[in-house]
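Results of the structural survey
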Number of protein chains: 2
Amino acid sequence: MKMSTKGRYGLRAMIELASHGGETPVPLSVIARSEEISERYLEQLMTKMKKADLITSCRGSTGGYCLARDAADISVGDILRAVEGNLNPVDCSVDSEAACENSGVCVAKYVWQKVNESINQAVDGISLAELVAKIPENEEKQPGAVCACQK
Amino acid sequence: MKMSTKGRYGLRAMIELASHGGETPVPLSVIARSEEISERYLEQLMTKMKKADLITSCRGSTGGYCLARDAADISVGDILRAVEGNLNPVDCSVDSEAACENSGVCVAKYVWQKVNESINQAVDGISLAELVAKIPENEEKQPGAVCACQK
DNA sequence: AAGAAATACTACTAAATCGATAGGATATAA
DNA sequence: TTATATCCTATCGATTTAGTAGTATTTCTT
């Protein structure tokens, strides 16, 4: 039951992005360098977060990524589900397609549903803004601001 | 963030074992057959659960496995941690050895700690006895009883 | 005493997943 | 026109997962 680098990198990248204030797009290279993440790999994660409408992007010179909305309106759950897929520990507990033939009488399923609920509750209860506010020494610039680039 | 077969099989095997009442040891072959799990693979999981003092075993003919204590005193968390290792989604959040050099100022760590707590709380809040009681049609026999074999 | 049935222990292996890397194509500002 | 970005797709080595395999040992039954 480990969180993969997708979730770990994705969260860190979003924290980094949010802490840049949002006035101008932040290039991938900046995020990757300061978080020490492979640029090429992080790019794939950014694509997922863009598809999930958590960030926007601008191409070309002076391009980069921006938060798609206020950091207070982006939860850690939004981020993790965007890059990791759903957070259910066992698919059959939620997805009716993945359910086995014993689904109706399966007692274990009860466990997986409880775990699933508690994980999602935990991550949905933390906003990106909250995390940025925790960064020591006022490293953050304008946590709440949304980037001028709206693409 | 998926639970592996270790956790899934381990839990099912324990439910099956607990539902046998506990008067006589239950052979691995019986559990494996009724849960449709590879006998050889399940054996390795049983070894882990034995090391965690959740079950006892008797060798030889008429041998098998028994719960080491009352099903009410075995939590799902006990079982999952026995077969999966710790349930922390990210090691650095708990294990100080695994902590990175940024551990002191890491904001992401706060997230992983919260998730860790919520997962463990969820699984520790469910007992094996509770699950056996949920089995429909009185398939269970004597949930609370502990096996005569104490080895 | 022999045989059957069970756990105990250790090593190996095929398949899937993870964590990247690679090579371009396309867009945009200076 | 050039430098600097994102976008898209494919590939690939390493690790982990899930399961096999072989053998030893213990215990009950006959």
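Presented here is a report on the structure given in the accompanying data block.

Parameters at a glance
Residues numbered from 1 in each chain as written. Chains lettered and ligands numbered in written order. Predicted model: local features only at pLDDT ≥ 70, side-chain atom pairs only at ≥ 80, totals over all residues. Heavy atoms only, no water. Near = heavy atom within 4 Å. Polar contact = N/O pair within 3.5 Å; in protein donor to acceptor, adjacent residues only side chain to side chain. Helix = DSSP H or I, 4+ residues; strand = E, 2+ residues; numbered from the N terminus. Buried < 20%, exposed > 50% of the residue type's maximum accessible area, 1.4 Å probe, protein only. Contact = heavy atoms within 4.5 Å. Axes fitted to C-alpha atoms, helices over the stretch in contact; angles between N-to-C directions. Parallel < 35°, antiparallel > 145°, perpendicular 65-115°, else oblique. Nonpolar A, V, L, I, M, F, W, Y, C, P; charged D, E, K, R; others polar. Buried area = accessible area lost by both parts, 1.4 Å probe. Salt bridge = Lys/Arg side-chain N within 4 Å of Asp/Glu carboxyl O. Pairing = 2+ DSSP bridges.

Taken together, 24 residues lie around DNA strand D, and Leu28 and Ser57 of chain A together with Arg40, Gln44 and Arg59 of chain B are the ones closest in. Close to the protein, within 4 Å, the atoms of DNA strand D are drawn from sugar and phosphate at a rate of 61%. Ser61 of chain A has a polar backbone atom sitting 3.1 Å from a base oxygen of DNA strand D. In the environment of DNA strand D, a base oxygen lies 2.4 Å from a nitrogen or oxygen atom belonging to the side chain of Arg40 of chain B. Only α3 (39–51), β1 (55–58) and β2 (64–67) of chain A together with α1 (5–18) and α3 (39–51) of chain B provide two or more residues apiece to the surface near DNA strand D.

A word on the environment of Ala108 of chain B. Assignment of secondary structure puts Ala108 of chain B in helix α5 (residues 108–124). Taking relative accessible area as the criterion, Ala108 of chain B reaches 5% and is therefore assigned buried. For Ala108 of chain B and Ile79 of chain B, which are 29 residues apart along the polypeptide, the C-alpha to C-alpha distance reads 28 Å. In this structure Ala108 of chain B touches Leu11, Arg12 and Ile15 of chain A, once residues within four positions along its chain are discounted.

The phi angle at Asp53 of chain A is positive, at roughly 60 degrees, despite the residue not being glycine. In this structure, Asp53 of chain A sits in the loop between α3 and β1.

All right, on to the protein's contact with DNA strand C then. Lining the immediate environment of DNA strand C, one finds 25 residues, of which Tyr9, Arg40, Gln44 and Arg59 of chain A together with Leu28 of chain B sit closest. Among all atoms of DNA strand C positioned within 4 Å of the protein, those belonging to sugar or phosphate total 60%. In the model, a phosphate oxygen of DNA strand C is placed 3.2 Å from a nitrogen or oxygen of the Ser38 of chain A side chain. Ser57 of chain B places a polar side-chain atom, nitrogen or oxygen, 2.8 Å from a phosphate oxygen of DNA strand C.

Let's shift gears to the packing of helix α4 (residues 76–84) of chain A against helix α5 (residues 108–124) of chain A. Residue and element names in this part refer to chain A. Between α4 and α5, whose axes approach to 6 Å, the crossing angle comes to 120 degrees. The pairing of α4 with α5 is recorded here as oblique in orientation. Between α4, through Val76, Gly77, Asp78, Leu80 and Arg81, and α5, the contact on the second element is made entirely by Asn120, Val123 and Asp124. Looking at side-chain class alone, the contact of α4 with α5 contains 3 nonpolar, 2 polar and 3 charged residues.

In this complex, chain B contributes 35 residues to the contact, which on the side of chain A involves 35 residues. Of the roughly 3,000 Å² buried between chain B and chain A, counting both surfaces, carbon and sulfur atoms make up 76%. On the chain B side of the interface with chain A, the three residues burying the most area are Met1, Lys2 and Val107 of chain B, jointly 24% of the side's total. At the junction of chain B and chain A, the tally comes to 2 salt bridges. The closest approach of N and O atoms between Asp91 of chain A and Lys2 of chain B, which form a salt bridge, is 3.2 Å.

Time to look at the pairing of β1 of chain A. A regular strand carries its side chains on alternate faces of the sheet. All names here are of chain A. A two-sided burial pattern is seen for β1, the buried positions comprising Ile55 and Ser57 on one face and Thr56 and Cys58 on the other. The pairing of β1 with β2 spans 4 bridges and is antiparallel. When the bridges of β2 are listed, Cys58 appears paired with Gly64. Between β1 and β2, which pair antiparallel and follow one another directly, the connecting turn spans 5 residues, one of which, Gly60, has a positive phi of 75 degrees.

Fair warning: the whole summary comes from geometry, so function is off the table for now.
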